[in-house]
2 protein chains.
Amino acid sequence: MSIYFKQMTIIGVGLIGGSIARVCKEKNLTGKIMGFGRSESDLRKGVELGVIDSYSLDLKDAVIDADIVLLAIPVGTMVDIVKIMIPHLKNRAIITDVGSVKGYLVDKIEELLPKEIPFVGGHPIAGTERSGVESSFLTLFKDSNCILTPTGKTDREALKKIEELWHAAGAKVILMNAMDHDRILAAISHLPHVVAYALVNTIGDMNKENNILSLAAGGFRDFTRIASGDSVMWRDICLLNKDNIIEIITQFQGSLERLKRYIKKENRTRLKEEFNKANSIRKLMV
Amino acid sequence: MSIYFKQMTIIGVGLIGGSIARVCKEKNLTGKIMGFGRSESDLRKGVELGVIDSYSLDLKDAVIDADIVLLAIPVGTMVDIVKIMIPHLKNRAIITDVGSVKGYLVDKIEELLPKEIPFVGGHPIAGTERSGVESSFLTLFKDSNCILTPTGKTDREALKKIEELWHAAGAKVILMNAMDHDRILAAISHLPHVVAYALVNTIGDMNKENNILSLAAGGFRDFTRIASGDSVMWRDICLLNKDNIIEIITQFQGSLERLKRYIKKENRTRLKEEFNKANSIRKLMV
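Predicted model only: the values in this text are computed from it and were never measured.

A.B. asks: What should I look at first to understand the overall build of chain A in this one?
C.D. replies: Each helix and strand counted, chain A has eleven helices and nine strands in total. The C-alpha radius of gyration of chain A comes to 21 Å, within 12% of the 19 Å expected for a compact globule of 286 residues. Seen along its three principal axes, the alpha-carbon backbone of chain A occupies a region of about 65 × 40 × 30 Å. Taking all 286 residues of chain A together, 52% fall into the buried category. For chain A, contacts bridging at least 24 residues in sequence account for 76% of all contacts bridging at least 6.

What follows is the structure, encoded as structure tokens:
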């Protein structure tokens, strides 16, 4: 199946939205690519870089001719944006997103959209610590996984087209229940970020007295990179995937408390076992 | 001041020990470099790679002609090794180490050594996630920090020589009280590692049901790399720097519990503030 959209509108032309636009241009998957966002200077940058063809600061104007609308904004703002755009969408325009939380969003957006407007929830597991259209690049999704979360209501043809879009970007597509997605992502992505934020702030508080940051090598530097994502994006993720995140934080607290106890009691055997276990989990990944 | 040691003996010819040997060869700081370790095949590899000139599996034989002995083994084994080598050391042979914990070690080794044998405690803050002599390289210490922890008893001439050695390796030398070293390293290095171990094991336990590791992207992958260090080395560090590590884990637990509470109560303002704070700490580092 080959796909072609006469007009694609990207809501939020940043790292992810910009990189998808680059794929669509490279592979001729779209005619015009229109951008929408809050910052005119960012959108103008997108045009200058050749990532999008034009932009509008008026949502109606941006989506009225779109055959596909891609939502690439913080998950906390998506539902409001969808509400505003609905009256202006073409029949059969496909709506899709790249948000890191799916359950709440998919439910809410499906509930809002009329049945002539198909929606496909998506989440490309790709990114860098950088943001903004100037950080976007063609191969961001190459060899990455992209999770799509169809429901009983999902239009099958629209789903196929979104699958093709991600294949064109070089991603492997995985279909998954939105609830499973949120539980799994809470563990492999949201928890590491929350932990990194907590750790960086712990050391930051200590730094006030001792200026110790200049001594930090590998390990801690990696944590600061993980904890460098956009604060609004991460706040929204934490709020919209709250229950799963709270649950996995609690499990992590148990693991950490156990390690702490082994250190306190100088339990040499258990400590070595715990550290070896983590070593073997890494080996499963590489 | 230019330094030259007729014979250097390296106890533990791995990533760190091997990289120092490479510096000494490159800069002609030593005559013969002798290796000592438990694994003959590793030591043979060191000779084959040209990192050391020869080796012995007999500690007496390894140190008897040494002008400098460098301890580059897990911190938990250093004191025992020093005890065994003492009767065989030359007068004025300098002993130094690269251990990640200093307070206990420096006290203990100074107590053991006769005053004709100077000791200088050291800790190069450098490394990779790889280990073994085959991972060693000449520029490992370039532009890194190396902390030396002299005490009131430290021989000034020996200290100067060890400073020169690290300068030759390209490191910036920082002199610090051993107790300060241990408190700071607990925060910027030991805590991140303990946290990474606890996190990787949390996800590992979850993986048993869901094979989710294949979906893990950036954040979690970084944690597995941090948690991939040698389990004996990390166990020893945890035990020898126990009090500082317990203390900083407790502080981190407070930070994490606070974030968890903000998520639970959907405190949007505080969450954003916490995430912004971490962002700004990163900016202090780059």
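A.B. asks: Sorry, what's going on with the sheet that holds strand β8 (residues 145-148) of chain B here?
C.D. replies: Pairing between the strands of a sheet is mediated by backbone hydrogen bonds and can be parallel or antiparallel. Residues and elements named next belong to chain B. Reading across the sheet, the three strands line up as β7-β8-β9 and stay open at both edges, with mixed pairing between neighbours. Among the strands making up the open sheet, the edge pair consists of β7 (122-125) and β9 (172-175). Taken pair by pair, the neighbouring strands of this sheet meet at an average axis angle of 25°, ignoring direction. Pairing of β8 with β9 involves four bridges; the strand directions are parallel. The partner of Ile147 across the bridge, within β9, is Ile174. Packed on one face of the sheet, helix α6 (residues 156-168) meets β7, β8 and β9 and runs near 170° to β8.

A.B. asks: I tried to follow the domain arrangement of chain A on my own but got confused; where do I start?
C.D. replies: Where the parts come together, the accessible area they lose is often given as the size of the interface. All names here are of chain A. Its domain assignment divides chain A into domain 1 (5-176) and domain 2 (180-285). Spacing between the C-alpha centres of domain 1 and domain 2 amounts to 31 Å. With 15 residues of domain 1 at the contact, the number on the domain 2 side is 16 residues. Residue contributions to the side of domain 1 that touches domain 2 peak at three residues, all from helix α5 (residues 103-112). Of the residues belonging to the side of domain 1 that touches domain 2, the class tally is seven nonpolar, six polar and two charged.

A.B. asks: Just checking my understanding: could you explain the sheet that holds strand β1 (residues 5-11) of chain B for this structure?
C.D. replies: Residues and elements named next belong to chain B. Here six strands make up an open sheet; going across it, the order is β3-β2-β1-β4-β5-β6 and the pairing parallel. Of all strands in the sheet, those bounded by a partner on one side alone are β3 (54-56) and β6 (119-120). Bridge analysis of β1 against strand β4 (residues 68-71) gives four bridges, and the strand direction is parallel. For Met8, the partnering residue across the bridge sits in β4 and is Ile68.

A.B. asks: It is not clear to me how the interface of chain A and chain B should be interpreted in this structure. Could you clarify?
C.D. replies: Listed per partner, the contact involves 71 residues of chain A and 71 residues of chain B. Elements supplying a minimum of two residues to the side of chain A that touches chain B: α7 (178-210), α8 (218-226), α9 (231-240), α10 (242-264) and α11 (268-285) of chain A. Examining the composition of the side of chain A that touches chain B, we find that 19 residues originate from one element, α7(A), more than from any other. Considered class by class, the residues forming the side of chain A that touches chain B number 41 nonpolar, 18 polar and twelve charged.

A.B. asks: Would you take a moment to explain the relation of the copies chain A and chain B for this structure?
C.D. replies: The operation linking the two copies of the chain is a rotation about an axis combined with a translation along the axis. Least-squares fitting of chain A to chain B yields an RMSD of 0.0 Å, with the transformation described by 0.0 Å of translation along the axis and a rotation of 180°. The superposition operator between the copies reduces to a two-fold rotation axis. Relative to the rotation axis, the C-alpha of A:Asp222 is the closest in chain A, positioned 3.5 Å from it.

A.B. asks: Is there a simple way to think about helix α1 (residues 15-26) of chain B in this case?
C.D. replies: Quick reminder: α-helices carry 3.6 residues per turn. Residues three or four places apart thus point the same way. Residues and elements named next belong to chain B. Its twelve residues place the ends of α1 16 Å apart at the C-alpha level, agreeing with the 16 Å of an ideal helix rising 1.5 Å per residue. Burial within α1 is extensive, with ten of its twelve residues counted as buried. Buried within α1 are the following residues: Leu15, Ile16, Gly17, Gly18, Ser19, Ile20, Ala21, Arg22, Val23 and Cys24. Asn28 occupies a position one or two residues after α1 and carries a positive phi of about 55°.

Rules used in this analysis
Residues numbered from 1 in each chain as written. Chains lettered and ligands numbered in written order. Predicted model: local features only at pLDDT ≥ 70, side-chain atom pairs only at ≥ 80, totals over all residues. Helix = DSSP H or I, 4+ residues; strand = E, 2+ residues; numbered from the N terminus. Rg over C-alpha atoms; globule rule 2.2 N^0.38 Å. Buried ≥ 20, exposed ≤ 12 C-beta atoms within 10 Å, placed from the backbone. Contact = placed C-beta atoms within 7 Å. Pairing = 2+ DSSP bridges. Axes fitted to C-alpha atoms, helices over the stretch in contact; angles between N-to-C directions. Domains from an automatic or database assignment. Nonpolar A, V, L, I, M, F, W, Y, C, P; charged D, E, K, R; others polar. Least-squares fit on C-alpha atoms with pLDDT ≥ 70 in both. Expected span 1.5 Å × (residues − 1).

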